[in-house]
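Examination of the molecular architecture
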2 protein chains.
Amino acid sequence: MKIKYVYEFLEGKKEMKSLLGGKGANLAEMTNLGIPVPPGFTITTEACSLYYSNNEKLPKEIHEEVFEKLKILESKMKLKFGDSSNPLLVSVRSGAAFSMPGMMDTILNLGLNDKVVEGLIKKTNNERFARDVYRRFIQMFSNVVLGIHSNEFEKILENIKQTKGVEFDLELNEKDLREVCGKYKQLVKLKTKKDFPEDPKEQLKLSIDAVFRSWNNDRAKLYRKLNNINNLLGTAVNVQSMVFGNLGETSGTGVCFTRNPATGENYFYGEFLMNAQGEDVVAGIRTPQKLEKLKEINPDVYNELNEIRRNLESHYKDMQDMEFTIQEGKLFLLQTRSGKRTAAAAVKIAVDMVKEGLISKEEALLRVDPNSLDQLLHKQFDPIAKSKLKSVARGLPASPGAAVGQIVFDAEKANLWKEEGKKVILVRSETSPEDLMGMNASQGILTSTGGMTSHAAVVARGMGKCCITSCSDLVINEKESYMIINKKKIVEGDYISLDGSTGEVYLDKIPTIDPELSGDFAELMSWADSFRMLRVRTNADTPKDAAVAVKFGAEGIGLCRTEHMFFEGDRIKAMREMILSETLEERKKALDKLLPYQKKDFKGLFEVMNGKPVTIRLLDPPLHEFLPKEELEIKDLAKELKISVEKIKERIVSLHEQNPMLGHRGCRLGITYPEITEMQTKAIIEAALEVKKEKNINIIPEIMIPLVGGPNEFKHQKELVKKIADEIIKNSKTSLKYLIGTMIEVPRGALTADKIAKEAEFFSFGTNDLTQMTLGFSRDDVSKFVPKYLEAGIIDKDPFQSLDQTGVGILIEMAVQKGRMTRDNLKLGICGEHGGEPSSIDFCHRTGLDYVSCSPYRVPIARLAAAQAAINNN
Amino acid sequence: MKIKYVYEFLEGKKEMKSLLGGKGANLAEMTNLGIPVPPGFTITTEACSLYYSNNEKLPKEIHEEVFEKLKILESKMKLKFGDSSNPLLVSVRSGAAFSMPGMMDTILNLGLNDKVVEGLIKKTNNERFARDVYRRFIQMFSNVVLGIHSNEFEKILENIKQTKGVEFDLELNEKDLREVCGKYKQLVKLKTKKDFPEDPKEQLKLSIDAVFRSWNNDRAKLYRKLNNINNLLGTAVNVQSMVFGNLGETSGTGVCFTRNPATGENYFYGEFLMNAQGEDVVAGIRTPQKLEKLKEINPDVYNELNEIRRNLESHYKDMQDMEFTIQEGKLFLLQTRSGKRTAAAAVKIAVDMVKEGLISKEEALLRVDPNSLDQLLHKQFDPIAKSKLKSVARGLPASPGAAVGQIVFDAEKANLWKEEGKKVILVRSETSPEDLMGMNASQGILTSTGGMTSHAAVVARGMGKCCITSCSDLVINEKESYMIINKKKIVEGDYISLDGSTGEVYLDKIPTIDPELSGDFAELMSWADSFRMLRVRTNADTPKDAAVAVKFGAEGIGLCRTEHMFFEGDRIKAMREMILSETLEERKKALDKLLPYQKKDFKGLFEVMNGKPVTIRLLDPPLHEFLPKEELEIKDLAKELKISVEKIKERIVSLHEQNPMLGHRGCRLGITYPEITEMQTKAIIEAALEVKKEKNINIIPEIMIPLVGGPNEFKHQKELVKKIADEIIKNSKTSLKYLIGTMIEVPRGALTADKIAKEAEFFSFGTNDLTQMTLGFSRDDVSKFVPKYLEAGIIDKDPFQSLDQTGVGILIEMAVQKGRMTRDNLKLGICGEHGGEPSSIDFCHRTGLDYVSCSPYRVPIARLAAAQAAINNN
């Protein structure tokens, strides 16, 4: 059977996204729903894939298929492509299965040449319109297809406006625009050494190629990488008959959302411009009007649009983002898609839709991207501090949140400064797709033009970054890196604060506070809790962190890193004294000094956790990490401990390791210096007993032996812990239950899990180290090759962010299977940073772990991701 | 059923070694063969295990069982234990399943007290003998059981000899010896605050305890560790009626071997002393006579002994090491066991016994310890250089080989100097078990006393170390660390050379040469080759090494490390230039300089290998390994390359890695710098083509991509290699087959072996790195905890020496299974250092690898080990 590469809109449906792309599938769906959509057809993503496998050329057969469909389109529209009296103009747009707004190319008004434009003039009886359309086409085609920078065309336009003494494009008349078109074509000839292609069919073929080519432009690739969009065939191409929003004052174009994408509130939200083409709204060149205004200008069209809004939402059961054009009073829909939204909006919409009976709780839970919750959890400005300050400017609250940082006016610099550890705010007249990396590097984004649906706004919401757009109080000089607000000059490096929820700009560093977790949020989380099978614990070393995590719903501590307790004040002194000890007696003396600190810390943790399980890992890092590195520090230490500088340096040298990651650390410390394990056990058990006695809190401490590679290491430490613990408990004349388990973080630990489980009561997968050793990637050194690996597609994702399921995952599955084979009630968890990453959590669910443990701020993310895992794998 | 803990000799047999120990089982076997053995019984190793699990106490029931057997012994001997007229004396000796000569304790002449000795006097009518036996007993018992140092008793003896004005013990009369006994008992009272135990039953119980206790003394533990003796229950204890070699001039004692243990020659070989107890021979205090002498002294006894020799050898089908005592002209055998022998002797005996029809070829192959072959392969003195020199002293050639080094007189210092990288020769009057570590650290051992069966001789042969004993030309002052030979003073640190095959000592550093591989050796190797299934390749980077390996029987190169080629002369310059390049062009220019060197090296290898397979690994180590470290070197390099010192230092800093083992190396280099892979591929393929053209040698180069963790890395490099290789081959207008495969050395590589095997034509297990990553042990850093791990029994063996079969082995098995599932003709090998270690080779055989690859000198070891693996796993 011959493969079909081109589909009329009538032939498609929304389920055909992967073949027709999102835009194509939805245009087809709308067409079939009877919604007014300008007719057209879609060239499939399979054609794109063929284009690439065929040396970046489309086979002739596909061109033939395109022209067949074009014929059908002509007869449907009763127009003729390339005809000089009754011409059909088309748009050529990209559209992949996942929306990649602004990343790929579009050509509008295609089908014009010097002859056809005369036909358009005659037909519309509007020469100015026709010339303007022609001008736009030449510019767009030359830019997208021929690769000539838009600036070059803008310069020509500016020159003519100056000559004519006018300010706006609209002030140019048909004669002026004809001159513009002439100069444009001269530029093309100059740049390409060829005439501008006059044959509309050739224009169409070249445009289709260009759209396919744009699938692999740098910014599209970057976008896919940032958004983890993999394994797509390519983009589809939509060829659609043109409708014109710029045919005069009864025409217009706009973008609207079925609900507010920033807050989620259920009202019809959008922006439009009369007498404009769609690009004018999105590009943020003119500031558009609110959708409510349309009700006044053309209530019939508004009502029709509102009706379509209701239809589409109840049909798609999701908030939609629609594009429309009004051509001489007649409404056309050009696009509908699932609308991007802030995390707050996502939560509110999901919860509301359940209450409206539109979707189930499961669907609601799947609607919210767990990672996006981060936006809701992070800080807001301290209202008291803020109330004392006066904002200096106000723009549109395009993406909520609070951002404080140093101003940069350049996306590249934003990147550079970020790498230097600075917090930056990117300030631009308007952003463009080239700014993507810089936006990602910034705390927040501030623009002087553009609306709520401008590039900056859409992208920032997607990134969960605070963003204020259309802040017209700013006068920005990007070239010289300064801006003026109220006559005040603000230069690169100055601090500002942005309130993305109100649109206010402050020339101060405003303190921030923890967010209030809203009612919708709490409700969604409670649904998540009812569906998820995984428990969610937190990695916390201090009572403060633990308290935050409990507030976010943590059900226990999965990892308390005891070494973090040794770095403060007097503790580090005692720690260093211990390390510098030459005899067992000296070492024990120093450890005795550390004991009360450890005990106090553990008591604090136990009190906060109030009976929830607490897993405490014994000392893990190599001892050299605790010694000073700077000459001055060494001298101070020598003086304090009354030993020679030489002795300290000797010890530093003797502790030096070639590969500390694989060195003398973890349980290897506890085995060579059993007195360390003894002291820590003492601190844990005494703390638990005292908290029990003093506060009547029953804690079951889970003592975790790190870096175990086999049963013998574990047994060695377990016996030591048991001896000390049981003795203390016996002397206390009360009872205390405690568990002894291990981290599985050395590949050999996973391989021998059956034997380790004979002794160990729980496993916690330390996936950070397990990733390092299984892949042979030193986390501190991978920056030298991992970027290249990502770029070359050798790896999909950074394995330190997202668990390497096909490598490390195999070891984890083995360990789970082997461990449970030996001990069927073995408690299993994960405490690497992957414990807070949704795709890794899905893996943990499938693998049958009991819990994940993550940093406090990721606890809600883990709760939602765990619910999604349970629903998706049901 | 009641467990039986004590066996009469008549109740045992040689197969009961693990229960009765080697000595006990063989005494039983001899008893049942009708060989004259003094009757006795054996307390089992299970009793020893019980002793330890029972808090180092033997349960009463076992004591009762002992005294029951003692009763039987009394009636058999018609003597009575502890009787003052007709007393039974016994020896109490250790004996584990594996021989541990001199490591555990023995008590002779037990059953004496002040009353019993009178009975012995009456019965033997030889008061001097009885008093001497009593003296020996008190000294030995007090030392072994009560822990009083022998020196203290020797001092008393010396004092009395001085008072009496005599030189030798034998010159003391019965009265003197009675005085000695009295003073000995006073010493015991002084030291223990208790009287010497007079009750013979108490003596027996205490002695049995002491022998069991000696199982875990430090030197026994060390011996087991050095000899990889694991998983034994403990030692057995043999209680045997005493026979006396010191009952006068018709009595005597000796040690003999059924064949010469140094050369393997088939003649009766041994030493004896008349009027002596066994300890006198072994301890090397008096220099014994050669066995031939016995023929003259007592031809009947000699013939009887020779008859027993023949019986035992044909019964055991192995060379035996026997102990005998002659009591007043009557012969008794006290022990037989498989005799320790040099590697040369082992080979000769094995081959001879096959020819004599005594054993099969399979048995012969199993008789030789593959590791011991090392002795035969290593250097001997250059005979020409040696012929020009005159030896300064001559001793007994106790263990063959050639050793050159600096003299030390102290075992601990031998250790220390070895750790400093020095080669040392340990010179002692005589060695004792405390010297074990120092002997192990030395190149060779030289003693002034002791015979061929002295401690030094036996241990050195076991270790395969060159040893000369009984070199009476030396006057050694151990305390002041010097010795005199021929009036010449030789001090610590001076160089000497020892020829262990002739017993000659030289005051020079004599050059050494490669060994001749003897006919027996070649024959045994040919048998090995006919049995083994594994092929044996070598790890070689130079034509010279490759040639040595081929001489030793290598069937190909399993690993050529190309980086080793970059360190010499001009090459390192070009390499550094490459690393310091800032642009691709500069880097390519520097690589072009390296290309001819690489090509030349490969041609050399291909020529030597003459059609045998050659596996070449692409560049593996991190680039910083090639940069200079010293300030001066950096300055020179800067001058040479005409760049600034700062630039070089910057590059060194930028290349620095926290964990280079897990860093930017292996295929990660080839992926980030594809031009390196390109240059190396070019060198390999061009070399193969040129060798084909010039010498008509058909080489199938096997190109190995290192450090692959998954299919994508491999694919990336494979495509690059194929592109370059196919282009060169095409241009050459001839044909060339080549393979592309990978090292499996990252755990993830093993886990994804099924996917990698889709692309890779061979796997070679790089077990060095695989061990590092699977265990999380940095080879360079493990010295900080691995000794402790070995000591605490957490690991049995150093995993870098002997493959960790229960950890790393699981990954290898997985990779083999997964790899072969995808590609059933996948070629599989191992090229880590484990490829030359017998137990690891056994694993490789069982796992179904095609070949092992090891360093040239280990090739014969691998051939034999592979044959043993095939036989043992048949």
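Our structure's up above, just so we're on the same page.
Counting from 1, residues in each chain are numbered in the order their sequence is written. Chain labels run from A onward and ligand labels from 1 onward, assigned in the order the entries are written. Where local features are concerned, this predicted model is filtered to residues with pLDDT of at least 70; where side-chain atom pairs are given and counted, the filter is 80 or more; whole-chain, interface and lining totals use all residues. Side-chain metrics rest on all non-hydrogen atoms present in the structure, leaving aside hydrogens and water.

**Description of unusual backbone geometry**
Leaving glycine out, the prevailing phi sign among residues is negative, and the prevailing peptide bond configuration is trans. Phi is positive for Lys317 of chain A, which is not a glycine, with a value near 50°. Among the structural elements, Lys317 of chain A can be located in the loop between helix H12 (299-316) and strand E11 (320-327). Even without being a glycine, Asn486 of chain B presents a positive backbone phi close to 50°. Secondary structure counts use DSSP, requiring at least four H or I residues in a row for a helix and at least two E residues in a row for a strand, with both numbered from the N terminus. On the secondary structure map, Asn486 of chain B appears in the loop between strand E21 (482-485) and strand E22 (488-491).

**Some remarks on the interface of chain B and chain A**
Each side of the interface is counted separately: chain B has 47 residues, and chain A has 46 residues. As a working definition, buried area equals the accessible area (1.4 Å probe) given up by two parts on being put together, with both sides summed. Carbon and sulfur atoms supply 60% of the area buried between chain B and chain A, which totals about 4,000 Å² over both sides. Any Lys or Arg side-chain nitrogen found within 4 Å of a carboxyl oxygen on Asp or Glu counts as a salt bridge. Viewed at the interface, chain A and chain B are joined by two salt bridges. The closest approach of N and O atoms between Asp804 of chain A and Arg748 of chain B, which form a salt bridge, is 2.6 Å. Distance and chemistry together define a polar contact, namely a pair of N or O atoms within 3.5 Å, with one atom able to donate a hydrogen and the other to accept it when in protein, and with adjacent residues in sequence counting only for side-chain atoms on both sides. Applying the counting rule to chain B against chain A returns 28 residue pairs in polar contact (both at pLDDT 80 or more). Only helix H25 (645-655), helix H26 (667-672), helix H28 (711-732), helix H29 (747-751), helix H31 (767-775), helix H32 (786-791) and helix H33 (808-822) of chain B provide two or more residues apiece to the side of chain B that touches chain A. Among the residues making up the side of chain B that touches chain A, the classes are represented as 19 nonpolar, 17 polar and eleven charged. Any two residues having at least one pair of non-hydrogen atoms within 4.5 Å are treated as being in contact. Gly falls in the polar group here, along with every residue not listed as nonpolar (Ala, Val, Leu, Ile, Met, Phe, Trp, Tyr, Cys, Pro) or charged (Asp, Glu, Lys, Arg).

**Quick word on the pattern of salt bridges**
Charged atoms that come close allow side chains of opposite charge to pair. All names here are of chain A. The full count for this structure, using the stated rule, is 126 salt bridges over all chains. Between Asp601 and Arg571 there is a salt bridge, with the nearest N and O atoms lying 2.7 Å from each other. Within this pair, whereas Asp601 is found in helix H23 (residues 584-609), its partner Arg571 is found in helix H22 (residues 569-580), the two being separated by 30 residues in sequence. In this structure Asp601 comes out as buried when scored by relative accessible area, which is 14%. Relative accessibility thresholds used throughout: buried, under 20% of the residue-type maximum; exposed, over 50%; partly exposed, between the two (1.4 Å probe, protein chains only).

**Observations regarding empty space enclosed by the protein**
Residues and elements named next belong to chain B. Points on a 1 Å grid over protein atoms alone make up a cavity when a 1.4 Å probe fits among them but cannot get out, and a pocket when they form an open set with protein on both sides within 12 Å along at least five of seven lines; lining residues each have an atom within 4 Å of a point. Grid points are joined across faces, edges and corners, and a volume is the space filled by probe spheres set on the points. In this structure the tally under the stated criterion is five cavities of 30 Å³ or more. Of the pockets and cavities examined, the largest cavity occupies roughly 60 Å³. Lining the largest cavity, in full, are Leu618, Leu619, Gly666, Cys667, Leu669, Gly670, Ile676, Thr677, Gln680, Ile705, Pro706 and Gln717. Secondary-structure elements contributing two or more residues to the lining of the largest cavity are H26 and helix H27 (674-695). Classifying every residue of the lining of the largest cavity by side-chain character gives seven nonpolar, five polar and no charged.

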